Every structure is written in C-alpha cells, then in structure tokens.
Amino acid sequence: MPAGKQILDRIKSVKNTGKITRAMELISTVKMKKAADIALGARPFAMEASGIFSRVAEEISMSPYVEGKEKKSKKKLKTLIVVITSNKGLCGAYNINVFREVVKQTKGTKTDCITIGKKAREFILRTGHSLVADYSETFKDDPTPAQVKSISASIRELYLSWEYSGVKVIYSFYISAIAQKAVTRPFLPVSKESLSAFLEEITGSIISPVTYSGEYKIEPSKQAVADRIVPLILDLMFHEMLLEAKASEHAARMVEMKNARESSQTKVKELTLIYNKARQAAITKEISEIVSGVESMKDV
C-alpha cells in the first residue's frame, strides 16, 4: 500500500512538528512569566521615584527634557521614532501590528528611526526610512538596567542635538496573555502630567499630592535632584516599554505555538482517518480478489 506508507510518513512529520511547537509554547510561557515578574519588580522603585518627583515637581520645568523648552534652529526639526519588535518570527501578528503603527505615524514620509529588533531593522530599511541606530544585536530577552540606560542615554543625547523636536516609541503594549496592542507613546519631551500618568499606570495607584506643609531640606538642591530624577524616570519609562514589548512578544509566540500545536493535532486526526480509509479500501480489495480467485477455481 504505497499511498498508506506516504500517509504514515506525513503523520509522523506532523506529530514531530507538534512536539516542537509544544516545546516552543512552554518556553514562551516561561519567558513571558519572567518578563512580567521583572516588570512588577520595578514598581517599588517607581513608587519611590514618584514620591521624590512630587517633592521637586516645581523644579522639573527647568530640565531640558521637559515640554515647554523651545528649540531654536534654522531648519525644520524632525521627529525621531524608536521601533521595538522581535529578533525572530513565529509570533503571529506581533510584528505586523507594530509595522502598521509605524506606517500610520509616518504617513508615507521619510523618518529617522532607531530600531530594537531585527524585524524592525529589516522593515525600516525596506521602507526607505533613515536608520539612525540599531540595537538589535545587543538587546536580548532579559534587558539589563545597564543596557536600558545605555540606549535611553543615546536617545536623550540625540534629542539634545537640536536635530529633533521630539521622540516617539512604537511598541506592543501588554494587556494580557491573549491580548496585545501596538501603541505610540511620546517619550521626549515629557510633561509633569505625562510622568505622573506613567508612574500611576505602572504602580497601579493614584499619586496623591504631598500633604506635608513643612519645608523639605533637599541636598544639594531641588534643581540638582530634578536634573538627576528626570533621566532616572525616563530610564524607568523606557525599561517598562521594553519589558512590555518583550512580554507581548512571548505572549504572542505562546498563543501562536498553541494554535500551531492544536492545528497539528487536528491534522494528525484527519490524516489518521484518511489512512484508515485507505487501509480499509486496500483490505476490501484484497478480500475481493481472494473471493474472485476462489470462485474462478470452482468453475475449473
């Protein structure tokens, strides 16, 4: 039964694919849980930063990163876009949704971009945008504070170079294990309201104004603290975006591998049914040939 042998080989191949997708599903589940735990671990720092921020809020306006600082330039300033995607595929529409958001934000114009993720780099080069920097090779599944600080500092340095009027980050926002959404978040310049909203979002609580009416003694000065706290909060914001993007990637890959595993199981059932029918037809044919042979012998 040559046809039956081919079907058996196909069943074996599909089962092996199912085992691989199952393993990838489990790996993505573990990585997603780890990324979520890291994001939760950043909340105590965010809460402490929000407390310091509320005490020096009046001095924040003097920072060069804060909204309201006018940039004087003879040429028209551009917007710098940071695109965060995955380095690998097999994660469903995760990268496609980010690319659609990039197209929506650029509206067919040529834009300067920073990419984090090989898929983002390939897309930006393919669409003709200007690639200012790429951190795909250094960015891994578990971004360390040093890596995040280095990338964030480079973005701030570019913003202060008088070339760009603002910086936007396009990434996938993690809602749940089965839901992610590509979003565009303004990164620079920042406002006191946006900083407060971000800190409230990741801490899960409303930041209340300081009720103590006494005088705070802050050394060396409120301005010095403000100059340090704003870059720290920007690093925290960027770290949170990277963690959300990674959690979204692993969640999307987990769901995609789960669907692939279930599809392989369905395909195995269909192929098994086809094999059984082919086997039954072959057996029926052999029985018919035997019966025909016996009947022909009777006539002799």
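Calculation notes
- Along each chain, residue indices are assigned from 1 in the same order as the chain's sequence is written.
- Given that this is a predicted model, residues contribute local features only at a pLDDT of at least 70 and side-chain atom pairs are listed and counted only at 80 or more, while totals for whole chains, interfaces and linings are drawn from all residues.
- Values shown for side chains rest on all heavy atoms present in the structure; no hydrogens or waters enter the calculation.
- Take the buried residues of types Ala, Val, Leu, Ile, Met, Phe, Trp, Tyr and Cys, join any two whose side-chain atoms come within 4.5 Å, and each joined set is a nonpolar core.
- Each residue is placed in one exposure class: buried if its accessible area under a 1.4 Å probe, protein chains only, is under 20% of its type's maximum, exposed if it is over 50%, and partly exposed if it falls in between.
- Numbered from the N terminus, helices here are DSSP runs of H or I no shorter than four residues, and strands are runs of E no shorter than two.
- Contacts between residues were defined by any pair of non-hydrogen atoms, one from each residue, lying within 4.5 Å.
- Here a strand pair is declared whenever DSSP counts at least two bridges between the two strands.
- Axis lines are fitted through C-alpha atoms, for helices just across the contact stretch, and the angle between N-to-C directions can take any value from 0 to 180 degrees.
- Here pLDDT means the predictor's own confidence in every residue, given as a number from 0 to 100.
- Along the arc lie the directions from the helix axis toward the C-beta atoms.

Draft legend 1. View of the nonpolar core. Residues V82, I116, I155, F187, L188 and F238 are the most contacted members of the largest nonpolar core, which totals 34 residues. Where this core is concerned, the elements lending two or more residues are β1 (78–84), β2 (112–116), α6 (145–159), β4 (164–176), β5 (179–188) and α8 (222–299). Apart from residues no more than four positions distant in its own chain, F187 is found in contact with S152, I155, V167, K168, V169, L234, M237, F238 and M241.

Draft legend 2. Representation of the sheet that holds strand β3 (residues 130–134) in the model. Taken in spatial order, the 5 strands make up an open sheet running β3-β2-β1-β4-β5, and their pairing is mixed. Strands at the two margins of the open sheet, each flanked by one partner only, are β3 and β5. Between one strand axis and the next, the sheet turns through 25° on average, direction left out of account. Across the sheet, helix α4 (residues 94–106) lies against β1, β4 and β5, angled at about 150° from β4, the strand it touches most. On the sheet, helix α5 (residues 118–127) packs against β1, β2 and β3 and is oriented at approximately 155° with respect to β2.

Draft legend 3. Representation of unusual backbone geometry. Here L188 and P189 are connected by a cis peptide whose omega angle stands at -5°. With respect to the helices and strands, the residue P189 is situated in the loop between β5 and α7 (192–203). Phi is positive for L90, which is not a glycine, with a value near 60°. Relative to the helices and strands, L90 is located in the loop between β1 and α4.

Draft legend 4. Looking closely at the confidence of the model for the protein chain. Looking at the protein chain as a whole, the pLDDT averages 78, with 76% of positions reaching at least 70. When pLDDT is averaged over each helix and strand of the protein chain, the minimum, 62, is found for helix α3 (residues 57–60) and the maximum, 93, for β2.

Draft legend 5. Structural detail: α5. Looking only at α5, the buried set comprises A120, F123 and I124. End-on view of α5: buried residues confined to an arc of 95°, all on one side of the axis. Along α5, exposed side chains directed more than 90 degrees from the buried face belong to L125 and R126. Structurally, α5 contributes buried residues whose contacts are with β1, α4, β2 and β3. Positive backbone phi, approximately 90°, marks G128, located one or two places after α5.

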